[in-house]
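# Summary of structural features
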Amino acid sequence: MRYQMGGVRLTCPCCQNDTFNKDYRQLNSRGATFFGLDWANKEAAILICKRCSYISWFMEDPSEV
Ligand SMILES: [Zn+2]
């Protein structure tokens, strides 16, 4: 799939590929909880480049193009 964020088409910073697999990961870690960050238990969206497997992290959910 191809994705966009804020009206911008997302491309891989490593290989410029524009197809990704989307997944989600919990952001909570011991350090984040200690500092009381409000996103400590939030899920981040990740896009895994289909070509080079580079992972991009997003606080908001990228929408499919
Ligand atoms: Zn890539």
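What counts and how
In this numbering scheme, every chain counts its residues from 1 along its sequence in written order. At least 70 in pLDDT is required for a residue's local features to be given in this predicted model, at least 80 for side-chain atom pairs to be given and counted, and no such filter applies to totals for whole chains, interfaces and linings, which use all residues. The basis for every side-chain value is the complete set of heavy atoms in the structure, and neither hydrogens nor water enter the calculation. Each helix corresponds to a stretch of at least 4 residues labelled H or I by DSSP, and each strand to a stretch of at least 2 residues labelled E; elements are numbered beginning at the N terminus. Contacts were defined at the residue level, with two residues in contact if any of their heavy atoms lie within 4.5 Å. We call two strands paired when DSSP finds no fewer than two bridges between them.

Per an unreviewed UniProt entry, the protein chain goes by DNA-binding protein and derives from Brevibacillus panacihumi W25.

### As for the side chain of Thr19
Topologically, Thr19 is positioned in the loop between β2 (8-9) and β3 (20-26). Aside from chain neighbours lying at most four places away, what touches Thr19 is Met1, Arg2, Ile48, Cys49 and Lys50.

### Looking at the sheet that holds strand β1 (residues 3-5)
The strands making up a sheet associate through hydrogen bonds between their backbones, and the pairing can be parallel or antiparallel. Taken in spatial order, the 3 strands of this open sheet run β2-β1-β6, and their pairing is antiparallel. Strands at the two margins of the open sheet, each flanked by one partner only, are β2 and β6 (63-64). Judged from the 2 bridges that link them, β1 and β6 form a sheet pairing that is antiparallel. Within β6, the position partnered with Gln4 by the bridge is Ser63.

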